[in-house]
Amino acid sequence: MLATTLAALHADPPVGLSDAIEVVDGFDDVLAQGFARVGEPEAATLTAFADAFAGTPLAEAVAEAAGKAGTGSGTAEHLAVLAGARSALLGAAHDALLGRLDAALARDRTAAAQDDPVEASGLGAAAAARAWLHEVALVGWAGVDHELLTAVDTPVEAALAVPQWRRLAVLLDGFAAELRACVPVSTMPQVPVRRWADLWARGMLLTQGAVPTRTTTRVSGRLLPLGVEVHEHDTAVQVLLHAILEPADGTAPRVVRIAVGAAKTDTVVGPAVWKLFGAHPVLLSVLAQRRCVTVTDLPEQGGDVSWIDDRVEVGEPADPFATARVLLAAATTSAAAPLDRHPAAIAEPVLLEGYTVGRDDDGVHLDLGGQRIGVTVDRLPACGPLTLDLVTASTACLGLARWDDGGWSVQPLAVRATVRKRAVEAHNGDWADGITDPKVAKAEAKAGDVVAVLRARAGRLLRR
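Just so you know, these numbers come straight off a predicted model, no measurement behind them. (Residues numbered from 1 in each chain as written. Predicted model: local features only at pLDDT ≥ 70, side-chain atom pairs only at ≥ 80, totals over all residues. Heavy atoms only, no water.)

Q: Just checking my understanding: could you explain the environment of D437 for this structure?
A: Looking at the element boundaries, D437 is found in the loop between β15 (422-427) and α14 (438-447). The partly exposed category is assigned to D437, whose relative accessible area is 31%. Residues D437 and P385, 52 residues apart in the sequence, show an inter-C-alpha distance of 7.9 Å. (Helix = DSSP H or I, 4+ residues; strand = E, 2+ residues; numbered from the N terminus. Buried < 20%, exposed > 50% of the residue type's maximum accessible area, 1.4 Å probe, protein only.)

In structure tokens:
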């Protein structure tokens, strides 16, 4: 059974994984303190970091960069080398974990497509961003202040003006906003060291031109949704649909993803976030009604398919659980792009059945014959009907296998459960086209339409 397989993987991680993570954690601690305050312990940590690359093509460059950084004389270029080395370690961990999971699931994975080279225009924007990230690394998280955060505006504006650097601009803007909300960092009860180091390293790599134009192909065929996850931030929200594509050319079915995003304010929460996706009415109907669709010539980049309403024809209802049971085991999936190789990015669709659910001080877990696998209930979105109580009462779960906090876990996308002797089914996207729970709908109506109010206010401001 799959739950047993995941539990076994959890108990037997790849050889060397813990050592690689420990080396990365050491580097992150030095970054958190700031490279301008490197003492003997931090220098030793950087040396150990460089030693992890002995015998590899990166050995000489990483050793030189770590030596310079360990003496407080590291330049932005040296820190960029260390950022790349850190990402290489996490990428290797990603590959090892995903390789084990693919072997356990007997899942085939196609190699990542070769990316097109990036053009050299707009290098001034990249240099300005690199200089800002260098300053952040020198002072460390506790040393970040509002003056330094204000200084990011110049590189962000410069990067936004050049299309191939906009990904860098968005990352810098969001990273700075997150830091700004936490200043002074020294007063935080817990600093997200790994997350901020991830963002810093990604930014450093993007400034080196690691933002290639992905090779785009066109796909046609029948698309069968599996489930949807919602990524929500104070200023943005993204809906990510996991689905199986049956290509029109008769080749093997493939696991694909479709993402749509929207800007928001922190007052738009819960089911109201669906109203931000009015530009995609067909997608909302497909999610709410659980229907398959026929797609024609949709752009695809490494398993990520772009949604275009005009190229989609809605078909008959399609049970996601039946889709997973019949097609998921034989479906192929795409390898992650080099820059996206990170243990936290692993999210593989899986179907779990025949388990019981337990709750203890460590949280919620699935139990099957003594084998346990954790459930990431903190990822349940507030905009759908899937709740902790339904997960606890479930007997089948369609979700994502993830590597979280040193072990495998499952993020529910949909469950089947028995509530008051009645079989129920809940999916994250059930309210995409309107709330179906009368109690929740009444509460939302009483609270008012936040999105409509904000749009009306914006319209008045634009007319002035």
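Additional details are given in the paragraphs that follow.
Q: Honestly, the packing of helix α8 (residues 153-160) against helix α9 (residues 166-182) in this entry has me stumped. Any pointers?
A: In the contact formed by α8 and α9, the axes pass within 7 Å of each other and the chain directions differ by 155°. The angle between α8 and α9 falls in the class roughly antiparallel. Like other packed secondary-structure pairs, α8 and α9 cross with a definite hand, here left-handed. Contact residues: V156, A159 and L160 in α8; R166, A169, L172 and D173 in α9. Counted by class, the contact of α8 with α9 contains five nonpolar, no polar and two charged residues. (Axes fitted to C-alpha atoms, helices over the stretch in contact; angles between N-to-C directions. Parallel < 35°, antiparallel > 145°, perpendicular 65-115°, else oblique. Left-handed = near helix turned anticlockwise from the far one by under 90°. Contact = heavy atoms within 4.5 Å. Nonpolar A, V, L, I, M, F, W, Y, C, P; charged D, E, K, R; others polar.)

Q: Explanation requested: the pattern of salt bridges in the structure shown.
A: Two side chains of opposite charge can pair, provided their charged atoms sit close to one another. Per the stated rule, a full pass over the model turns up 24 salt bridges. Across the pair R290 and D430 runs a salt bridge, and its minimum N-O distance is 2.9 Å. Of the two residues, R290 is situated in the loop between α11 (281-289) and β5 (291-301) and D430 in the loop between β15 and α14; the sequence distance between them amounts to 140 residues. Where salt bridges share partners, they join D25, D28, R86, R194 and D198 into one cluster. (Salt bridge = Lys/Arg side-chain N within 4 Å of Asp/Glu carboxyl O.)

Q: Could you clarify how one ought to interpret the pairing of strand β10 (residues 356-360) in this entry?
A: When a strand is regular, its side chains alternate between the sheet's two faces. Note that β10 and strand β11 (residues 363-368) share five bridges and pair antiparallel. When the sheet's bridge partners are listed, R359 is paired in β11 with V364. If you look at the hairpin formed by β10 and β11, you'll find two residues sitting between the two strands. (Pairing = 2+ DSSP bridges.)

Q: In this structure, what is going on with the packing of helix α6 (residues 123-143) against α8? I would like to understand it.
A: For any two helices packed against each other, one specifies the crossing angle of their axes together with the interaxial distance. At a closest axis distance of 8 Å, the pairing of α6 and α8 adopts a crossing angle of 150°. In this view, α6 runs roughly antiparallel relative to α8, as classed from their interaxial angle. Like other packed secondary-structure pairs, α6 and α8 cross with a definite hand, here left-handed. Contact residues: α6 offers A125, A128, A129 and W132, while α8 offers P155, A158 and A159. For the contact of α6 with α8, the residue count by class is seven nonpolar, no polar and no charged.

Q: Looking at this model, I keep getting lost on empty space enclosed by the protein. Mind explaining?
A: Sizing a probe to match a water molecule and rolling it over the atoms shows the empty space that remains. The final tally for this structure, using the stated rule, is one cavity of 30 Å³ or more. Of the voids in this model, the largest cavity is the one considered here, and its volume is about 100 Å³. If you go around the largest cavity, you meet 13 residues; those closest to its centre are L226, G227, L287, P320 and H427. Only β2 (217-232) and α11 provide two or more residues apiece to the lining of the largest cavity. No other element matches the four residues that β2 contributes to the lining of the largest cavity. For the lining of the largest cavity, the per-class residue count stands at seven nonpolar, four polar and two charged. (1 Å grid on protein atoms, 1.4 Å probe; cavity = no way out; pocket = protein on both sides within 12 Å on 5 of 7 lines; lining within 4 Å. Points joined across faces, edges and corners; volume = space filled by probe spheres on them.)

Q: How should the pairing of strand β3 (residues 236-247) be read in this particular structure?
A: Within β3, nine of the twelve residues are buried, which leaves the element mostly enclosed by the surrounding structure. Direction of pairing for β2 relative to β3: antiparallel, over a ladder of eleven bridges. Following the sheet pairing, E232 is matched in β3 by V237. Sheet topology note: the β3/strand β4 (residues 254-263) ladder contains ten bridges and is antiparallel. Residue L241 lies in a different strand from β4, and its bridge partner there is I258. Between β3 and the antiparallel strand that follows it, β4, lie six residues; G250 among them carries a positive phi value of about 85°.

Q: I keep staring at helix α2 (residues 17-33) and nothing clicks. Help me out?
A: It helps to recall that an α-helix has 3.6 residues per turn; residues three or four apart then point in one direction. Taking 1.5 Å per residue as the helical rise, α2 with its 17 residues ought to reach 24 Å, and the 25 Å between its terminal C-alpha atoms agrees with that figure. All of the buried residues along α2 are L17, A20, V24, G26, F27, D28, V30, L31 and A32. At its buried positions, α2 is contacted by α3 (40-51), α5 (76-105), α6, α10 (193-207) and β13 (394-404). Looking one or two places after α2, you find G34, whose phi comes out positive at around 110°. (Expected span 1.5 Å × (residues − 1).)

Q: Hey, could you run me through unusual backbone geometry in this one?
A: For residues besides glycine, phi is generally negative; the peptide bonds are generally trans as well. In the segment running from V183 into P184, the intervening peptide bond is cis, with an omega of 0°. Tracing the sequence through the fold places P184 in the loop between α9 and α10. For K421, which is not glycine, the phi torsion reads 65° and is therefore positive. Locating K421 in the fold gives a position in the loop between β14 (407-419) and β15.

Q: In this structure, what is going on with α10? I would like to understand it.
A: Compared with the 21 Å implied by 1.5 Å per residue over 15 residues, the 21 Å span of α10 between its first and last C-alpha is a close match. For α10, the buried fraction is high: eleven of the 15 residues fall into the buried class. Those residues of α10 lying buried are W196, A197, D198, L199, W200, A201, G203, M204, L205, L206 and T207. The inward-facing, buried residues of α10 abut α2, α5, α6 and α9. One or two positions beyond α10, positive phi appears at G209, with a value near 95°.

Note that all results are geometric; they support no functional claim without further evidence.
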